[in-house]
Amino acid sequence: MALTQNKRAYAAGHFALELDAKAGGWLFTVEGGMAQAEVVNEKIGPEHLIHKHISTVKYDDITVTCGPAMSREFYNWITKSFQGDYSRQNGAIIAADYNFNEVTRLNFFAGLVTEVGFPALDAASRDVARLTVKISPEYTRLETGGGRSIAGSAYPIDSTKAKRWLTRNFRCTIDGVDCTRVAKVEAITIKQKVTEVPLGEFRDPYREPTIIEYPNVVFSLPESHAGDFFDWYKSFVVGGQCDTKDEKHGSITFLHEDMDMNPKKAACRIDLYNLGLFKLTMDKGEAGSDKIRMVKAEMYCEKMKFEIQDAYD
């Protein structure tokens, strides 16, 4: 018997998102979404063997990375999920071959957006910005085959016409603090906690969102232009003037590659509320070095609000 077969192995060259049977956009990476069962060990009986069986079935979160070429419905789903107006969505992750023919389809049901990650920003970088989004489904179903084409009219979004987001194009603001020389912003990940609620008549538990966790915000800028940060540090940290009235508001704006400064045309804007500076760190000083000494400012943030603009505008 021949050890080889004529059947071609799966090689997914394209990944696409579908929301409520509508095109959601092309994805860079996809991970998770499969079911897994817990294994239960029974007590040892007269046979002196540990009998095992499976019990609760859980579904892994689906993690995707994407660029600006996504649908407006997808962006609205993410934005509203972190404004207390969350919604459960049905959809699918489609894996297609290099000819855009469907190979597998992972259908997810009652999915909640539980995490959105914004990339680190660096004025010296040439990287394209990518969002990382985590979806927590109540259950999933995997289908293989199909073979239908998802290109052209069946999947109309054309990513080549979208404006690119570059990690070097950004603008930062903080009330009363000069941020025009901020050179780096560390990655920001906002998380929506989810708790599982078992229901007697269903095998799959019901998932309910709870609290939202906001990360610290970290800016880096040259020491020569960090005077306002040092003044804030002296009063807020050293001087103890750290009441709510002493906290500040700010924003981080992702700009398209054409650097359009119109706020309504920004790729993404993250508004920062109740910022509190708690740490300043200076680079190691080296005598005779021509390297510009940088200052890292670390701030807590009580709330963030963001809006992602359509890259086709």
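Please read these numbers as outputs of a predicted model, since none were measured by experiment.

Rules and cut-offs
- Residues numbered from 1 in each chain as written.
- Predicted model: local features only at pLDDT ≥ 70, side-chain atom pairs only at ≥ 80, totals over all residues.
- Heavy atoms only, no water.
- Helix = DSSP H or I, 4+ residues; strand = E, 2+ residues; numbered from the N terminus.
- Buried < 20%, exposed > 50% of the residue type's maximum accessible area, 1.4 Å probe, protein only.
- Contact = heavy atoms within 4.5 Å.
- Areas by Shrake-Rupley, 256 points an atom, 1.4 Å probe, with all protein chains shown as cover.
- Pairing = 2+ DSSP bridges.
- Axes fitted to C-alpha atoms, helices over the stretch in contact; angles between N-to-C directions.
- Salt bridge = Lys/Arg side-chain N within 4 Å of Asp/Glu carboxyl O.
- Disulfide = S-S within 2.5 Å.
- Phe/Tyr/Trp six-rings, centres within 6.5 Å; stacked < 30°, edge-to-face > 60°.
- Patch = residues over 30% accessible without salt bridge, like charges linked within 9 Å, V, L, I, M, F, W, Y side chains within 5 Å.

**Student:** Explanation requested: the overall build of the protein chain in the structure shown.
**Tutor:** On a plain count of helices and strands, the protein chain comes out with two helices and 19 strands. In the protein chain, which comprises 313 residues, the proportion classed as buried is 40%. Look at the contacts in the protein chain between residues 6 or more apart in sequence, and 72% of them connect residues 24 or more apart. Here the protein chain displays about 17,600 Å² of accessible surface, and carbon together with sulfur accounts for 49% of that area.

**Student:** Help me understand the environment of glycine 32, please; the structure alone is not making it clear to me.
**Tutor:** In this fold, glycine 32 is placed in strand S3 (residues 29-32). Through-space distance from the C-alpha of glycine 32 to that of aspartate 60 is 5.5 Å; in sequence the pair is 28 residues apart.

**Student:** Looking at this model, I keep getting lost on unusual backbone geometry. Mind explaining?
**Tutor:** What you tend to see is this: most non-glycine residues have negative phi, and most peptide bonds are trans. For alanine 110, which is not glycine, the phi dihedral falls at a positive 55°. Examined against the element boundaries, alanine 110 turns out to sit in strand S8 (residues 102-118). On the accessibility criterion, alanine 110 (16% relative accessible area) is buried. With a phi close to 60°, asparagine 274 is a non-glycine residue in the positive phi region. Secondary-structure assignment places asparagine 274 in strand S18 (residues 268-282).

**Student:** Can you help me understand the sheet that holds strand S17 (residues 248-256) in this one?
**Tutor:** Sheet strands pair by backbone hydrogen bonding; their relative direction is either parallel or antiparallel. Strands sit in the order S9-S13-S16-S19-S18-S17-S12 across an open sheet of seven strands; the sheet is antiparallel. The open sheet terminates on both sides in strands that have one partner only, identified here as strand S9 (121-122) and strand S12 (165-174). Sitting on the sheet, helix H1 (residues 72-81) is in contact with S12 and strand S19 (294-308), with an inclination near 110° to S19. Against the sheet, helix H2 (residues 227-238) contacts S12, strand S16 (217-222), S17, S18 and S19, and its axis sits at roughly 75° relative to S18.

**Student:** Would you mind going over the pattern of salt bridges with me for this structure?
**Tutor:** Any two side chains of opposite charge can pair, on the condition that their charged atoms come close. For the coordinates displayed, the defined rule picks out 11 salt bridges. A salt bridge links arginine 88 to glutamate 138, with the nearest nitrogen and oxygen atoms 3.8 Å apart. Here glutamate 138 lies in the loop between strand S10 (131-136) and strand S11 (139-144) and arginine 88 lies in the loop between H1 and strand S7 (89-96), a separation of 50 residues in the sequence. Looking at glutamate 138, the relative accessible area reads 15%, which means it is buried. The partner of glutamate 208 in a salt bridge is arginine 88, and the shortest N-O contact between them spans 3.1 Å. Remark: arginine 88 occurs in the loop between H1 and S7 and glutamate 208 occurs in strand S15 (residues 206-213); sequence separation between them is 120 residues. According to the relative accessible area criterion, glutamate 208 is partly exposed, its value standing at 23%.

**Student:** Any chance you could explain the environment of asparagine 90 here in plain terms?
**Tutor:** With respect to the helices, strands and loops of the structure, asparagine 90 is situated in strand S7. Sequence separation between asparagine 90 and asparagine 107 is 17 residues, and the spatial gap between their C-alpha atoms is 7.6 Å. Other than its neighbours up to four places away in sequence, asparagine 90 contacts Glu18, Leu19, Asp20, Phe108, Phe109 and Ala110.

**Student:** I would appreciate a short explanation of the pairing of S12 in the present structure.
**Tutor:** Put simply, side chains in a regular strand alternate between the two faces of the sheet. Of all 10 residues in S12, seven are buried; the element is thus mostly enclosed. As paired elements, S12 and S17 share six bridges and run antiparallel to each other. Pairing of tryptophan 165 across the sheet is with histidine 256, part of S17.

**Student:** Quick question: what am I supposed to make of the state of the cysteines here?
**Tutor:** Should the sulfur atoms of two cysteines be covalently bonded, the bond is a disulfide. The tally for this structure, following the rule as stated, stands at zero disulfides. No disulfide involves cysteine 179; its nearest neighbouring cysteine sulfur is the one of cysteine 172, lying 6.4 Å away. On the accessibility criterion, cysteine 179 (5% relative accessible area) is buried.

**Student:** When you look at the packing of aromatic side chains in this model, what are you seeing that I'm missing?
**Tutor:** The relative placement of two aromatic rings is captured by the distance of their centres and the angle of their planes. The tally for this structure, following the rule as stated, stands at nine aromatic pairs. Ring centres of tyrosine 75 and tryptophan 165 lie 6.5 Å apart, and the angle between their planes is 25°; this geometry places the pair in the stacked category. On the criterion of sequence distance, the pair formed by tyrosine 75 in helix H1 and tryptophan 165 in strand S12 is long-range, its members being 90 residues apart. Using a relative accessible area of 0% as the deciding quantity, one classes tyrosine 75 as buried. Relative accessible area serves as the criterion here: at 2%, tryptophan 165 is assigned to the buried category. A ring pair is formed by phenylalanine 236 and tyrosine 300, whose centres lie 6.5 Å apart and whose planes are at 45°; its orientation type is tilted.

**Student:** Before we go on, may I ask you to explain a nonpolar patch on the surface in this structure?
**Tutor:** A contiguous nonpolar patch, built from Val197, Leu199 and Tyr206 and spanning about 210 Å² of accessible area, is present on the exposed surface. As for its position among the elements, leucine 199 is in the loop between strand S14 (188-197) and S15. Assessed through its relative accessible area of 35%, leucine 199 is described here as partly exposed.

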